[in-house]
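Below are the chains, spelled out letter by letter.
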Number of protein chains: 2
Amino acid sequence: MLTPAPLHSVRLYDTVWASRRRTLRETGIFYQWETLNDRTSGVPRSHAIENLRIAAGEADGVFYGRPFQDSDVYKWVEAACYLLATDHDPSLEQLVAEAADLIARAQLPDGYLNSYFTIVHQGRRWINLRDGHELYCAGHLIEAAVAHFAATGRRDLLDVACRLADHIASVFGAGPGQKRGYPGHPEIELSLVRLYRATGNRRYLDLASYFIDERGRHPHYYDLEARERGESPDARRFDYSYYQAHVPLRQQTKMDGHAVRALYLLSGAIDVAAETSDPQLLEVCRRLLANVIEQRMYVTGGVGSSAWGERFTADYDLPNDRAYAETCASIALVMATHRMAQVEPDRRYVDVMERALYNGVLSGISLEGTRFFYVNPLEVWPEACSTRHDTRHILTQRQGWFDCACCPPNLARLIASIGQYVYSTDDSGVYVHLYAASEARLHLAGGPVRIVQETGYPWAGTIQLRLHLSGTRTFTVALRIPGWAREGSLSLNGHPVSLDGVVYRGYAYLTRTWSDGDTVRLELAMPVERVESHPRVRANVGRVAIQRGPIVYCLEEVDNGPNLPAIVLPADSDLRAHWRPDLLGGVTVVESAGLRADESGWGSELYRPVTRSRTTQVRLTFVPYATWGNRQPGEMLVWVRTG
Amino acid sequence: MLTPAPLHSVRLYDTVWASRRRTLRETGIFYQWETLNDRTSGVPRSHAIENLRIAAGEADGVFYGRPFQDSDVYKWVEAACYLLATDHDPSLEQLVAEAADLIARAQLPDGYLNSYFTIVHQGRRWINLRDGHELYCAGHLIEAAVAHFAATGRRDLLDVACRLADHIASVFGAGPGQKRGYPGHPEIELSLVRLYRATGNRRYLDLASYFIDERGRHPHYYDLEARERGESPDARRFDYSYYQAHVPLRQQTKMDGHAVRALYLLSGAIDVAAETSDPQLLEVCRRLLANVIEQRMYVTGGVGSSAWGERFTADYDLPNDRAYAETCASIALVMATHRMAQVEPDRRYVDVMERALYNGVLSGISLEGTRFFYVNPLEVWPEACSTRHDTRHILTQRQGWFDCACCPPNLARLIASIGQYVYSTDDSGVYVHLYAASEARLHLAGGPVRIVQETGYPWAGTIQLRLHLSGTRTFTVALRIPGWAREGSLSLNGHPVSLDGVVYRGYAYLTRTWSDGDTVRLELAMPVERVESHPRVRANVGRVAIQRGPIVYCLEEVDNGPNLPAIVLPADSDLRAHWRPDLLGGVTVVESAGLRADESGWGSELYRPVTRSRTTQVRLTFVPYATWGNRQPGEMLVWVRTG
């Protein structure tokens, strides 16, 4: 099993991630802190910090927000700690310390920690695991604590997390007197594995295993606890597949229900399978992840095609204009595929991770880093969104915050931790998963190796890795040949290296004795490509998406006029990529000749016999999907008709 | 202004309407009676008859159903009377008498009649015009009474209606002490004009005028009555445009809100404009109807593209798979266009009426006449309908009844009264709006004329009208040249008649001195045509619908396999019509060569760079849209991709 390179060991210099991360570090993280403290005007109230103050007995007032409001703070702390892992910032350190101290003070003497239940339910804990989000919040606290410990070396928040985890381990389990519950929203599972890895305490891994395996058993715990609350088990909004709890995970064959819950659960299950060497559970995870990747994922890496239940629906049901594709769900897909790639390095997983990162994740945040999409459709017609109920979940402009504000701090922790996704190591050497201008200081074959990655990726396909080490050492450098490139050409110190026989599951394995200055050069052809969908994706038949390297493109009204679906991209039109340093913070755009259905021959009639179809020649400009909606509002379209 | 030929004067022999009407007369009307009496198993409870019994003090029990449950009975009576107008049937007469007597007994001494308010609100009347449907139910009672009087010559139900209308006229109006209310669901307006025409009592026309003009004024009546109920005016589900009450009708420029309400209101407004010779109101009606026809109508004559609010949305927003297109809304479109055609004969209105009749109306009822669609989508994928929330309103199989059962009796009264849509007369002669094998006995230019119409319409385009009269008389026969035909060729007693100069607004006017046996022959070329949508209809760009004559076609899974959107109809493929007497009660099908995206080259990938697209040649069979879903369940598609 691979280990991701620690965050502090990787420094990025690329135009996408380094830029987004810098914006986060300089602006976004402080914006979010202010918002959590209700000092941002014109956005929905958070009250998340104030809730913790009330729970700590340091403020009067009533709880406000969702039962999981605490998690916004925890995710913010986690994100801030990831930033601090690479960059010293006294003012941010101060805020983190303030938050960590407050969290610690909100913890009850026995380890319990949750402001909603402490304030609203006056200590009546664990009465509603289905909807209460106590274990979900605990999981985010644990993740924050692990990040805090890694970034600061301080144990205070980690101790809070361990006390909470110990409390949970005492309450839940198959032992006598214990509740046989499990969370309505998974998250605790993966966090407990992280806590196990950080502390070495096997109890946490066992508890994670328990949660994975207890889920979905009969008699159903959510039924039991509902009856205990005096409610009918049927008085619920969603069936148990929404919670991935209709049957035990090992019996599930499709990735159903709420997309974020599904992929957080899957992430935890992959972790447990890996740590407990459970091939059967791993096979379940492979199967469920394959179902997502092969039947239920948008080309942007968006997942969850239904607003109702924020959930998966049926195989190949991927409507573009009603997509949900929650930002958090794409982040969860990154989490799950990243974990699977550590267990079995295979470009299929990292291809999906990269697809989600550059497209469906980044679309969730504005270039200036302070406005967010919760929902990431692939086709937008503002007039329909404002008049139709079935597209009312689609906001056509990014928002400063949300009543349910899971996405902004989730984006923050993803962007802050992006460095960890680039490299992994194991005893044999290093895996290069992602390409981005960067410098990494890794420990390989018993000693330090500095890897300088020079590349214009994702806008250019030439990657040069220069290794710096003292003396010589033998290890493997495994480079991912992205699926979008299909093949690459490799050279070592200027000499071509044949890929024959060295590529396994999409990674080129170079095993040799390395010495200082050795340079590996990977050339990935990066033409603009038309991508098609499996013919069962009804929404996309007769349409293509434009992709270049890992970047999925879209048409925007601001560049191409209104009524984008009337546009046809001829099958033989030349697609040209141009670097536009002035546009959208610097992007490569794609330009092409296109056709547009001509309205000029139409009178007042809505329908008429087909005439020789009149089209107008137009110039089309495609911009990266992730950057849409950063100029004036209007229509957007990913899948364009071809003909 | 024209007058539709009375129902008893027209007897149909065609394969569509005569057949549907016979099924209704022999089976359907009794099925509905049994259902209204809760004697049909396996369908939602109606309780509509029982509610009236309880209101009449003849049964114990509590009200069940919607506030407008009475209207199901009224519409049933109206339908039954239309059947009795042409066909003697003692058993049906007996049921009608039974129903009429019950209704009369449920009326209160002062004329008030409504079982819901009588039972549930203990006489607290008119407290909620916005949602209460009292005036709506009254309107349907009045329509039933007018039909009952016409069919039976008995005044008893008409007297009930007059007492109710008189009571309403005393309660509502601009006079001192009167309520300045108007109905949440229009219907009373058009019914009052019918009552005026049946009785000659101008008070009813004035009241209809009042309701039309009071609507939408400020301060808003729905606000006032809400406050009187002690509710906030804002505690409502829909904005006032849902009720077409956001501004007065004369200020409205778009046909907004709930489609049935909108078109019932429009029908009443056309009636009022015609009877009061109000050119300004008529111009408003023209404008609003044009908005429906030119921007907001499906090719099937379906209207209302949003399930939420069963309503109109934005111009050109006509998604096929999420269509609402309620059966009642298409019926309402028939009502509105038929009325407008009486005021100003123009084929544009009758073209739409015919489109709705043969497609979006008839699709609402199964061939055996006892199962119904409330919603009429133009694209159906059963798997999405069962897993997605935004298509859950789409039932993929017709149902035996509904909790909200407006459509079945509305279909019954439409089908029962179809004869009245064929001819209209005025002082100058006769208008032939629709073509159908039939015999009509009309009164023209002072004497009786029998018109025998021989045609295989809608499956064939040859129509022969033979006139029978004693002596000679001079009058006009105006024949509609349907818009789908664009032109026709006409002959009189075997001699060609030039259409030059005799066609006005799509009607060919033949004015001459007619004598017995004179024969007019109209030849309408009836090729299979590909129809395209205005390019702003996003859902249909790059797609065509198949139409032949007035019949819109669709693909069904049973004929063409699953995944219908993967099918392409090549632009040059030959479309052949075949009469299939064995199929669906006898229909002309359309067959063609087609292409189908080939899945065989696909592995597990969901997306891939475009390869030379592989397609399979297939034979396509299109069946009339109205007959879909009469065989095994499955997918359906109207707009097929072209290329």
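Since this is a predicted model, take the numbers as computed values, not measurements. The written sequence of each chain sets the order in which its residues are numbered from 1. Here every chain gets a letter starting at A, and every ligand a number starting at 1, in the order they are written. Given that this is a predicted model, residues contribute local features only at a pLDDT of at least 70 and side-chain atom pairs are listed and counted only at 80 or more, while totals for whole chains, interfaces and linings are drawn from all residues. Computation of side-chain values: all heavy atoms of the structure, hydrogens and water removed.

(A) Representation of the relation of the copies chain A and chain B within the structure. Superposing copies: least-squares fit, C-alpha atoms only, residues required to have pLDDT of at least 70 in both. Superposition record for chain A on chain B: RMSD 0.0 Å, screw rotation 180 degrees, translation along axis 0.0 Å. Between the two chains, the operation in question is that of a two-fold axis. The C-alpha atom lying nearest the rotation axis in chain A is that of Asp390 of chain A; the distance is 2.8 Å. In this assembly the copies share their binding face: 98% of the residues contributing to the interface of chain A also contribute to that of chain B. In what follows, a contact means two residues having at least one pair of non-hydrogen atoms within 4.5 Å.

(B) Local environment of the environment of Glu34 of chain B. Residues and elements named next belong to chain B. Only runs of H or I of at least four residues qualify as helices and only runs of E of at least two qualify as strands under DSSP, and these elements are numbered from the N terminus. Inspection of the secondary structure puts Glu34 in helix α1 (residues 17-36). Here the alpha-carbon distance between Glu34 and Ser573, two residues 539 residues apart in the chain, equals 49 Å. For Glu34, the contacting residues outside a window of four places in its chain are Arg39 and Thr40.

(C) Broad picture of the interface of chain A and chain B. Tallying the contact residues gives 62 residues for chain A and 61 residues for chain B. On the chain A side of the interface with chain B, the three residues burying the most area are Arg538, Leu606 and Tyr607 of chain A, jointly 17% of the side's total. Salt bridges are defined as contacts in which a side-chain nitrogen from Lys or Arg sits within 4 Å of a carboxyl oxygen from Asp or Glu. Where chain A packs against chain B, one counts 12 salt bridges. Residues Arg322 of chain A and Asp321 of chain B are paired through a salt bridge, measuring 3.0 Å at the closest nitrogen-oxygen approach. Sorting the residues of the side of chain A that touches chain B by element identifies α13 (279-295), α16 (382-387), β15 (528-533) and β21 (607-609) of chain A as the ones contributing at least two each. Considering each element in turn, the side of chain A that touches chain B owes the most residues, 5 residues, to β15 of chain A. Residue polarity follows a fixed list, in which Ala, Val, Leu, Ile, Met, Phe, Trp, Tyr, Cys and Pro are nonpolar, Asp, Glu, Lys and Arg are charged, and the others, Gly among them, are polar. Here the residues of the side of chain A that touches chain B sort into 26 nonpolar, 15 polar and 21 charged. Two strands pair if DSSP finds at least two bridges between them. Across 3 bridges, the pairing between β15 of chain A and strand β21 (residues 607-609) of chain B is antiparallel. By the bridge assignment, Ser533 of chain A is partnered in β21 of chain B with Tyr607 of chain B. By convention, the term buried area covers the 1.4 Å-probe accessible surface removed from two parts as they join, with the contributions of both added.

(D) Summary view of the pattern of salt bridges. Residue and element names in this part refer to chain A. Enumeration over the complete set of coordinates arrives at 104 salt bridges over all chains. Where Arg296 meets Asp256, a salt bridge forms, and the shortest distance between an N and an O atom there is 3.0 Å. Highlighted residues: Arg296 in the loop between α13 and α14 (327-343) and Asp256 in the loop between α11 (221-228) and α12 (259-275), separated in sequence by 40 residues. Relative accessible area serves as the criterion here: at 19%, Asp256 is assigned to the buried category. Close ionic contact of Asp559 with Arg631 constitutes a salt bridge, the shortest N to O distance being 2.7 Å. Of the two residues, Asp559 is situated in helix α18 (residues 557-560) and Arg631 in the loop between β22 (615-624) and β23 (636-637); the sequence distance between them amounts to 72 residues. Using a 1.4 Å probe on the protein chains alone, a residue whose accessible area is under 20% of its type maximum counts as buried, one over 50% counts as exposed, and one in between counts as partly exposed. Look at Asp559 and you get partly exposed, because its relative accessible area is 27%.

(E) Examining the sheet that holds strand β11 (residues 495-497) of chain B more closely. All names here are of chain B. The strand order across the open sheet built from 7 strands is β2-β6-β7-β8-β14-β10-β11, with neighbouring strands paired in antiparallel fashion. The open sheet has two edge strands, β2 (10-12) and β11, and neither has a second partner. Recorded for the sheet is a direction-independent mean angle of 25 degrees between the axes of neighbouring strands. Pairing geometry for strand β6 (residues 438-444) and strand β7 (residues 447-455), over 7 bridges, is antiparallel. By the bridge assignment, Glu439 is partnered in β7 with Val452. Each axis is a line fitted through C-alpha atoms, taken for helices only over the stretch in contact, and angles between the N-to-C directions span 0 to 180 degrees.

(F) A look at the pairing of strand β5 (residues 429-432) of chain A. Residues and elements named next belong to chain A. Across 4 bridges, the pairing between strand β4 (residues 423-426) and β5 is antiparallel. Paired with Asp426 across the strands is Gly429, a residue of β5. Across 4 bridges, the pairing between β5 and strand β9 (residues 472-480) is parallel. Residue pairing for β9: Gly429 is matched across the bridge by Thr476.

(G) Representation of the packing of helix α12 (residues 259-275) of chain B against helix α14 (residues 327-343) of chain B in the model. Residue and element names in this part refer to chain B. Their axes nearest at 8 Å, the elements α12 and α14 cross at an angle of 15 degrees. If you check the angle between α12 and α14, you find them roughly parallel. Helix-helix and strand crossings are classified by hand; for α12 and α14 the assignment is left-handed. Contacts between α12 and α14 pair Ala259, Val260, Leu263, Tyr264, Leu266, Ser267, Ile270, Asp271 and Ala274 from the former with Cys328, Ala329, Ala332, Leu333, Met335, Ala336, Arg339, Met340 and Val343 from the latter. Along the lines of polarity and charge, the residues of the contact of α12 with α14 split into 15 nonpolar, 1 polar and 2 charged. Oblique is the label for any angle not under 35 degrees, not over 145, and not in the 65 to 115 range, which are roughly parallel, roughly antiparallel and roughly perpendicular in turn. Crossings are assigned a handedness: left-handed for a near helix turned anticlockwise from the far helix by less than a right angle, right-handed for a clockwise turn.

(H) Structural context of α11 of chain A. Residue and element names in this part refer to chain A. Buried within α11 are the following residues: Tyr221, Tyr222, Asp223, Glu225 and Ala226. Check the buried side of α11 and you find it contacts α6 (129-132). Of the residues flanking the end of α11, it is Gly230, one or two places downstream, whose phi is positive at about 80 degrees.

(I) Main features of the sheet that holds strand β1 (residues 3-4) of chain A. Residues and elements named next belong to chain A. Spatially, β1-β4-β5-β9-β13-β12 is the arrangement adopted by the 6 strands of the open sheet, whose pairing is mixed. This sheet does not close on itself; its edge strands, each paired only once, are β1 and β12 (503-504). One ladder, built from 2 bridges, connects β1 with β4; its direction is antiparallel. By the bridge assignment for β4, Pro4 is matched with Ser424. Helix α15 (residues 347-361) rests against β9 and β13 (507-515) of the sheet, and its axis sits at about 65 degrees to β9.

(J) Up close: the packing of aromatic side chains. Only centres within 6.5 Å qualify two rings of Phe, Tyr or Trp (six-membered ring in Trp) as a pair; their planes then separate them into stacked at under 30 degrees, edge-to-face at over 60, and tilted for everything else. As enumerated under the stated definition, the model contains 58 aromatic pairs over all chains in all. Between Tyr431 of chain B and Tyr509 of chain B, the ring centres sit 5.6 Å apart and the planes meet at 85 degrees, which makes this aromatic pair edge-to-face. In this pair, Tyr431 of chain B is assigned in strand β5 (residues 429-432) and Tyr509 of chain B in strand β13 (residues 507-515), connecting sequence segments 78 residues apart. Through a chain of ring-to-ring contacts, three or more aromatic side chains come together here, namely Tyr182, Tyr221, Tyr222, Phe238, Tyr240, Tyr242, Tyr243 and Trp308 of chain A. Counting as a charge over the ring demands two things of the Lys NZ or Arg CZ atom: a distance within 6 Å of the ring centre and an angle within 35 degrees of the ring normal. Geometry around Phe149 of chain B places Arg155 of chain B over its ring, the cationic atom sitting 5.5 Å from the centre.

From the geometry alone we can't say anything about function, so treat these as descriptive.
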